[in-house]
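Secondary and tertiary structure notes
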Amino acid sequence: MATTAGNVNVCCPQSFLKICVCLLGLIILVQYYVMSSTENELKVAWLGEKMSLGKHASLKLLQTALLNKTVMTNETTPGPNSTDQIATANLSLPLCPIVPHMLEGKQFPVVTKKPKPWKLLEKNMPVLPGGRYWPETCVSRHRVAIIVPYRDRDEHLRLFLQNMHPFLMKQQLDYGIYVVEQKGTDSFNRAKLFNIGYAEAIKDYDWQCFIFHDVDLIPEDDRNIYSCPEHPRHLSVAVDKLKYKLPYDTLFGGAGAINREMFEKVNGFSNIFFGWGGEDDDMSYRFSIYIIYLFTKIWLLIQLKLPGIS
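Predicted model, so just to flag it, every value in this text is computed and none were measured.

Our focus in this paragraph is the environment of Lys116. For Lys116, the location among the structural elements is in the loop between α3 (83-89) and α4 (118-124). For Lys116, a relative accessible area of 30% puts it in the partly exposed group. Between the alpha carbons of Lys116 and Glu155 there is a distance of 9.0 Å; along the sequence they are 39 residues apart. Look past the residues within four positions of Lys116 in its chain and what remains in contact with it is Leu121, Asn124, Arg158 and Gln162.

Here the focus is the packing of aromatic side chains. By convention here, two paired aromatic rings are described through the distance between centres and the angle between planes. Applying the stated criterion to the full structure yields 13 aromatic pairs. Consider the rings of Tyr133 and Tyr175, whose centres lie 5.7 Å apart with planes at 40°: the pair is tilted. Placement of Tyr133 in strand β2 (residues 132-133) and of Tyr175 in strand β4 (residues 174-182) is noted, with a sequence separation of 42 residues between them. For the pair Tyr133 and Tyr175, a shared accessibility class is recorded, and that class is buried. Taken together through their ring pairs, the aromatic side chains of Phe194, Tyr198, Phe210, Phe212, Phe263 and Phe269 make up a single cluster.

Between its terminal C-alpha atoms helix α6 (residues 190-204) stretches 22 Å, which fits the 21 Å expected from 15 residues at 1.5 Å a residue. Buried residues dominate α6, accounting for 12 of its 15 residues.

Core analysis: the largest hydrophobic core is formed by 29 residues, its most contacted members being Ile146, Phe160, Leu168, Tyr175, Ile177, Ile211 and Tyr226. Considering each element in turn, this core owes the most residues, seven residues, to helix α5 (residues 154-170). In this structure, Ile146 is in contact with Phe160, Leu168, Gly176, Ile177, Tyr178, Ile211, His213 and Tyr226, ignoring residues within four places of it in sequence. Counting residues in hydrophobic clusters, the runner-up holds 23 residues, among them Ile147, Tyr178, Phe212 and Met283.

A few words on α5. Three or four residues apart is the spacing at which side chains of an α-helix point the same way, because the helix has 3.6 residues per turn. Under the 1.5 Å per step criterion, the end-to-end length of α5 is 25 Å for 17 residues, consistent within 8% with the ideal 24 Å. Bending of α5 peaks at approximately 25° at the position of Met164, with proline Pro166 no more than four residues after it. Burial analysis of α5 places 13 of its 17 residues in the buried class, which makes it a mostly covered element. Phi for Gln172, located one or two positions after α5, is positive at around 55°.

What follows concerns the state of the cysteines. For the structure on display, the rule yields two disulfides. Here Cys96 engages in a disulfide with Cys138; their sulfurs sit 1.9 Å apart. Residues Cys96 and Cys138 are joined by a disulfide whose S-S torsion is about 90°; by sign, that bridge is right-handed. Separated by 42 residues along the polypeptide, Cys96 in the loop between α3 and α4 and Cys138 in the loop between β2 and β3 (143-150) bring together distant segments of the chain. For Cys96, a relative accessible area of 1% gives the class buried. A relative accessible area of 4% places Cys138 in the buried class. Across the disulfide, Cys209 is cross-linked to Cys228 (sulfur-sulfur distance 2.0 Å). Measuring the twist about the S-S bond at about 70°, one finds the Cys209-Cys228 disulfide to be right-handed. On the criterion of sequence distance, the pair formed by Cys209 in strand β5 (residues 209-213) and Cys228 in the loop between β5 and β6 (233-234) is long-range, its members being 19 residues apart. The pair formed by Cys209 and Cys228 is uniform in burial state, with each residue classed as buried. When the cysteines of the protein chain that form disulfides are numbered from the N-terminus onward, they connect as 1-2, 3-4.

Moving on: the pattern of salt bridges. According to the stated counting rule, one finds 11 salt bridges in the structure shown. For Lys265, the salt bridge goes to Glu261, with nearest N and O atoms at 2.9 Å. Of the two residues, Lys265 and Glu261 are both situated in helix α7 (residues 260-265); the distance of four residues between them amounts to about one turn of the helix. Among the residues examined, Lys265 registers a relative accessible area of 33% and is labelled partly exposed. Residue Glu261 is classed as exposed on the basis of its relative accessible area, which comes to 52%. Each of the salt bridges in this network shares a partner with another, and the network as a whole consists of Arg143, Asp206, Arg260 and Glu264.

Parameters at a glance
Residues numbered from 1 in each chain as written. Predicted model: local features only at pLDDT ≥ 70, side-chain atom pairs only at ≥ 80, totals over all residues. Heavy atoms only, no water. Helix = DSSP H or I, 4+ residues; strand = E, 2+ residues; numbered from the N terminus. Buried < 20%, exposed > 50% of the residue type's maximum accessible area, 1.4 Å probe, protein only. Contact = heavy atoms within 4.5 Å. Phe/Tyr/Trp six-rings, centres within 6.5 Å; stacked < 30°, edge-to-face > 60°. Expected span 1.5 Å × (residues − 1). Core = buried A, V, L, I, M, F, W, Y, C linked by side-chain atoms within 4.5 Å. Bend = angle between axes of the 7 residues up to and from the residue. Disulfide = S-S within 2.5 Å. Salt bridge = Lys/Arg side-chain N within 4 Å of Asp/Glu carboxyl O.

Encoded structure:
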């Protein structure tokens, strides 16, 4: 049985709790604002002479290797701002099924060694120049840009393309693959390459989903749909070299799906991480802060509109 202590106001602890929560909310709002604004100018920055979007060596081969066979019902070719062309070409087609009927599951063939040379990739890949593809018989439900940071990994890149194009086609995606290459010998900046890839991709097409993908990862099950739900999704939660277990729950490395709205709300990846690691954890932290920010904002609005709520 509880006892009371004279005329002590029992609401004081509750009022104090409200003040603490409000202060915490303000701190989170300030932190989110700082996170969103400090790198605003760096978000789409280039590394000057240290980076290139494929103007030399292997990426020249890549541009010629991504085939010029058209899969459209007319001769229209997608280019900058080509959303209307594709929509017009596919106007009479039905939407693709929610679950594509061509999926093979774990039986999906994966090549992990001895990739085809570039000329054979060019001959056998029914995609448009620039790594573009969309289904011929239906309108895809997802517009997906695959962003791949790259430097001096020709064999991995050929393996990646040899596996990923059939994988993405079976999922009936309207997709494009963007390989962003860092030039020179300075420390690799994976996160900035992702930001550059995003900035370039949105100039080409009205992408709704972005897959940020390492070049040395290949999906083993084509039921792992490369689309973007409302919230970010980690696509490489089970990797063979890690014995198909996550090292820690908040890991967002390897391959991740982020829709355009969310990517811009968290202001993309941080540009400050050179060398191995750190940028994935930072992005995971940004997601967490944004979610806390939303819940705090909702709670504060409720408190302002309903001051008597407990």
